[in-house]
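Understanding the architecture of this molecule
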Amino acid sequence: MKKFTTVNDVNNLNNLLKLALELKQTPFAYKQYGENKTIGLLFFNPSLRTRLSTQKAAENLGMNVMIMNVSQDGWTIEMEDGAVMNQGSQEHIKEAAGVISQYCDIIGVRTFASLKDKSEDYQEKILNKFIQYATVPIVSLESATLHPLQSFADVITIKEHKTTKTPKVVLSWAPHPRALPQAVPNSFVEWMKRYDVELIITNPEGFNLSAEITQGVTITHNQDEAFKNADFIYAKNWSSYDNYGETAPDLLNWTITQEKMSLTKNGKFMHCLPVRRNVVVTDDVIDSENSIVLQQANNRTFAAQAVLLSILKNEN
Ligand code: CP
């Protein structure tokens, strides 16, 4: 693997999945591949899981880890080629990416959507500047439109908990007080399309994801209908793609409740976290035996470890 920013960077998902499950059993078996290698983890936005699980994954492989909260601790980076830098930005991405590439063998970047300019966000402007100017592999730690390390962990979790060959998986919109990016649901859809599941998306009118991403997937605005006989409910808020960045915090009838979960086939509850309790999902659902949110978060380590090892070995 040369980089990891989308499911399209994975040639053989089954092999990567097998590797992640092997690493879960024997996390320290491949330390020789990371010895004397360094990963730099650059965060333009906050994180708990991605930061800690990727650090743990790299350390399990024997790597040195450098972490920087770029927005707080670094110079403001100019992303425009040819910019006259007489305003707020102090350092150009050409130098920043070039310098970090001399210190690191792999660079991870977290850079969220602005939710102001759809075209800029969907062009993945910042991530692509790192890919363009770095001389080492780039790993997405969540970009403007995708979160592949999260989705890979979700695939691992579904594989571990499914009881039928092709489970029914429902991606459900849920309310949230603030506008959130489409990265997690976009990515989840892309990865589910590569895995053996029956995927259904349910969201309020006006909240369809990009048609390019959801092509071939059933979308319904009837949440109860979608939940019937589901094996997995994956809850997530996302802001509108069509009315870019708009949200609907008052649609509290979309909260995932025990009543709605009772429509499923003893379905498992999933969420990428962090989650707003009693807004996105009620306490009794997330605290129930059917909630596998902590198992998902645990699999973030082995998803990241399989990806980093594949890059270090240039496999998968
Ligand atoms: N799910 C996820 O990416 O969590 P963090 O934002 O805490 O990294």
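Bear in mind that the values here come from a model prediction, so they are computed numbers and not experimental data.

1. Things to note about the packing of aromatic side chains
- Here the structure, examined in full by the defined rule, presents 9 aromatic pairs.
- Residues phenylalanine 152 and tryptophan 191 carry aromatic rings whose centres are separated by 5.5 Å and whose planes lie at 25° to one another, so their mutual orientation is stacked. Of the two residues, phenylalanine 152 sits in helix 7 (residues 148-161) while tryptophan 191 sits in helix 8 (residues 183-193), which places them 39 residues apart along the sequence.
- Taking the relative accessible area as the measure of exposure, phenylalanine 152 reaches 0% and is therefore buried.
- Here the aromatic residues Phe4, Phe152 and Trp191 are joined through ring pairs into a cluster of three or more.
- One residue, lysine 118, lies across the ring of tyrosine 241, its end atom 3.8 Å from the ring centre.

2. Focus on the pattern of salt bridges
- Applying the stated rule across the entire model yields 12 salt bridges.
- A salt bridge links lysine 165 to aspartate 196; the nearest nitrogen and oxygen atoms lie 2.6 Å apart. Note that lysine 165 is positioned in the loop between helix 7 and strand 7 (168-173) and aspartate 196 in the loop between helix 8 and strand 8 (198-202), a separation of 31 residues in sequence.
- With a relative accessible area of 30%, aspartate 196 lands in the partly exposed category.
- Connected through shared salt-bridge partners, Glu80, Glu120 and Lys125 make up one network.

3. Re the sheet that holds strand 6 (residues 138-140)
- Spatially, the 4 strands line up as an open sheet ordered 2-1-5-6, and their pairing is parallel. Each having just a single partner strand, strand 2 (64-69) and strand 6 make up the two edges of the open sheet. Ignoring which end each strand starts from, the neighbouring axes of this sheet average 20° apart.
- Across 5 bridges, the pairing between strand 1 (residues 38-43) and strand 5 (residues 106-110) is parallel. The residue of strand 5 that forms the bridge with isoleucine 39 is isoleucine 106.
- Taken strand by strand, helix 6 (residues 125-133) contacts strand 1, strand 5 and strand 6, and its axis lies near 160° from that of strand 6.

4. A few points about the site of the ligand
- Taken together, Ser47, Leu48, Arg49, Thr50, Arg110, His147, Gln150, Cys272, Leu273 and Arg300 make up the full set of residues adjacent to the ligand.
- The contact in question runs from an oxygen atom of the ligand to an N or O atom on the side chain of threonine 50, over 2.7 Å.
- Residue arginine 300 places a side-chain N or O atom 3.2 Å away from an oxygen atom belonging to the ligand.
- Contact with the protein chains hides 93% of the accessible area of the ligand, taken as 260 Å² for the molecule alone.
- Tallied by class, the residues present in the shell around the ligand amount to 3 nonpolar, 4 polar and 3 charged.

Here is what the cut-offs are and how they apply
- Residues numbered from 1 in each chain as written.
- Predicted model: local features only at pLDDT ≥ 70, side-chain atom pairs only at ≥ 80, totals over all residues.
- Heavy atoms only, no water.
- Phe/Tyr/Trp six-rings, centres within 6.5 Å; stacked < 30°, edge-to-face > 60°.
- Helix = DSSP H or I, 4+ residues; strand = E, 2+ residues; numbered from the N terminus.
- Buried < 20%, exposed > 50% of the residue type's maximum accessible area, 1.4 Å probe, protein only.
- Lys NZ or Arg CZ within 6 Å of the ring centre and 35° of its normal.
- Salt bridge = Lys/Arg side-chain N within 4 Å of Asp/Glu carboxyl O.
- Pairing = 2+ DSSP bridges.
- Axes fitted to C-alpha atoms, helices over the stretch in contact; angles between N-to-C directions.
- Contact = heavy atoms within 4.5 Å.
- Near = heavy atom within 4 Å.
- Polar contact = N/O pair within 3.5 Å; in protein donor to acceptor, adjacent residues only side chain to side chain.
- Areas by Shrake-Rupley, 256 points an atom, 1.4 Å probe, with all protein chains shown as cover.
- Nonpolar A, V, L, I, M, F, W, Y, C, P; charged D, E, K, R; others polar.

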